[in-house]
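Spelled out from the first residue to the last, the chains are:
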Amino acid sequence: MALLDNLLTLHRVDSQVRALRSRVTSAETYFRAQEKQLALLAKQKAELETQFKQLQASVHGLEVEQGSATARVEKLRGELNTSTNDKQYKAILNEMKSLETQRDEVVKRAVEEMQRAEETKKRLELHESTIAERLKIRDVAKNQFDECMKDVGERLSELEAERARAAELVPDRERKLFDKVADETEGEAMAEITVVSMRHREFACGACNIEVPFETYARLSSSSNDAVQCRACTRILFLSDANRPVDPKDSKAKDGKAKDGKAKATLTTEAQEKAALARDKAKFEKTKKL
Ligand SMILES: [Zn+2]
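(A) Quick look at the overall build of the protein chain. For the protein chain, the helix and strand inventory stands at 7 helices and 4 strands. Mapped in sequence order, the helices and strands of the protein chain form the string α-α-α-β-β-β-α-β-α-α-α. The proportion of buried residues among the 290 residues of the protein chain is 18%. In the protein chain, 71% of the contacts between residues at least 6 apart in sequence involve partners at least 24 apart.

Structure, rendered in structure tokens:
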């Protein structure tokens, strides 16, 4: 198999590996986001609970204060009845009035604090129902992630093995180049050359549309063993099946004389079909020339 054919096989498997990995990554990202959201809600809930407890304690303290003021007023009322002179009577009466004013103030504050406690309780209840809703969403996200891991996990290891086999067929230098470009282009390392006008010898990169020199087209028409990059987007350029030269080793394989059984075994049906199509077209071209 020619270098470009092997690169295309590698590209196909690599794309599948990347697509599956990204499925797992997005399921995981979504699940983690839900967990984060829940952690934030739990923190807010704890804060509301603390606020509620503080308000309850404050109301209780005010009630105690109110109770002791009332008791003191009652005691003074008794003293008032047994007072022996006018001066004493007035003094007790003044103290009672001042205590009653203080007590009214305490009652007013207690009512306000009770209202605040009530509001906090309502917010807390609302918050709890938000958490319950979020928990459902989180559980769905977790199931999706688990399921994704389950079905993707097996397929991913199969594909990774297939990718490794495909990569073995590509020389070290080109393989490193492929990996680099694939990482930079999110798995779109290969670009087919578009024939803009054969008559005017105009060609373009199928990915970024920048012009591809005729020399590149000519070079790739005569050999599929060169990895030529697009000068703009750096993708590795290839020609369509019809324009790709036929690999002589590949013709041998067809005759059953192939030595590279291992390479042949990794060929997928799709690639075999493509190769067969290319061979047929090339034969047709040859016959036309004759
Ligand atoms: Zn390009």
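(B) Seen up close, the environment of Ala-2. Tracing the backbone through its elements, the reader meets Ala-2 in the segment before helix 1 (3-81). Each C-alpha atom of the pair Ala-2 and Asn-225 lies 5.5 Å from the other, and the pair is 223 residues apart in sequence.

(C) The arrangement of the pairing of strand 1 (residues 190-197) in detail. Sheet topology note: the strand 1/strand 4 (residues 236-238) ladder contains 3 bridges and is parallel. Considered in strand 4, the bridge of Ala-191 is made with Leu-237. Adjacent in sequence and paired antiparallel, strand 1 and strand 2 (residues 202-205) are bridged by 4 residues, among which Arg-201 carries a positive phi angle near 55°.

(D) How the structure looks around the nonpolar core. If you look at the biggest cluster of nonpolar residues, it comprises 25 residues, and the most contacted ones within it are Leu-7, Phe-178, Met-190, Val-212, Ile-236, Leu-237 and Phe-238. Contributions of two or more residues to this core are made by helix 1, helix 2 (86-168), helix 3 (172-184), strand 1, strand 2, helix 4 (214-222) and strand 4. For this core, the leading source of residues is helix 1, giving 5 residues. Counting contributing residues, this core receives three or more from each of domain 1 (3-168) and domain 2 (174-289). With residues up to four places along the chain from it excluded, the contact list for Phe-238 reads Leu-4, Leu-8, Met-190, Glu-192 and Leu-220.

(E) Highlighting unusual backbone geometry. Backbone geometry places Arg-201, a non-glycine residue, at a positive phi of 55°. Of the residues examined, Arg-201 has 13 C-beta atoms within 10 Å and is grouped as partly exposed.

(F) Examining the packing of helix 1 against helix 3 more closely. Two elements in contact, helix 1 and helix 3, have axes whose closest approach is 11 Å; the angle formed by their N-to-C orientations is 40°. Considering their axes alone, helix 1 and helix 3 lie oblique with respect to each other. The two elements helix 1 and helix 3 meet at a crossing, and its hand is right-handed. Two secondary-structure elements touch here, helix 1 through Leu-3, Leu-7, Leu-10 and Asp-14 and helix 3 through Glu-174, Phe-178 and Ala-182.

(G) Structural context of the pairing of strand 2. Burial along strand 2 is one-sided: Phe-203 and Cys-205 are buried, while Glu-202 and Ala-204, pointing the other way, are not. Here strand 1 runs beside strand 2; their pairing, made up of 4 bridges, is antiparallel. Each bridged residue has a counterpart across the sheet, and for Thr-194 the counterpart in strand 2 is Ala-204. Where strand 2 meets strand 3 (residues 211-212), 2 bridges bridge the pair, whose relative direction is antiparallel. The residue bridging Phe-203 from the neighbouring strand is Val-212, located in strand 3. With antiparallel pairing between neighbouring strands as the criterion, strand 2 and strand 3 make up a hairpin whose turn holds 5 residues, including Asn-209 at a positive phi of roughly 70°.

(H) Layout of the packing of helix 1 against helix 2. Close contact between helix 1 and helix 2 brings their axes to 4 Å; oriented N to C, the two are set at 165°. Between helix 1 and helix 2, the angle falls in the class roughly antiparallel. Crossing of helix 1 over helix 2 shows left-handed handedness. Residues belonging to the contact of helix 1 with helix 2 are distributed by class as follows: 42 nonpolar, 15 polar and 28 charged.

(I) Here's a closer look at helix 3. In this model helix 3 runs 18 Å from its N-terminal to its C-terminal C-alpha over 13 residues, within 8% of the 18 Å that 1.5 Å per residue would give. On its buried face, helix 3 sits against helix 1 and strand 4. Among the residues trailing helix 3, Glu-186 stands out with phi positive, at a value near 55°.

The rules behind the values
Residues numbered from 1 in each chain as written. Predicted model: local features only at pLDDT ≥ 70, side-chain atom pairs only at ≥ 80, totals over all residues. Helix = DSSP H or I, 4+ residues; strand = E, 2+ residues; numbered from the N terminus. Buried ≥ 20, exposed ≤ 12 C-beta atoms within 10 Å, placed from the backbone. Contact = placed C-beta atoms within 7 Å. Pairing = 2+ DSSP bridges. Core = buried A, V, L, I, M, F, W, Y, C linked by C-beta atoms within 7 Å. Domains from an automatic or database assignment. Axes fitted to C-alpha atoms, helices over the stretch in contact; angles between N-to-C directions. Parallel < 35°, antiparallel > 145°, perpendicular 65-115°, else oblique. Left-handed = near helix turned anticlockwise from the far one by under 90°. Nonpolar A, V, L, I, M, F, W, Y, C, P; charged D, E, K, R; others polar. Expected span 1.5 Å × (residues − 1).

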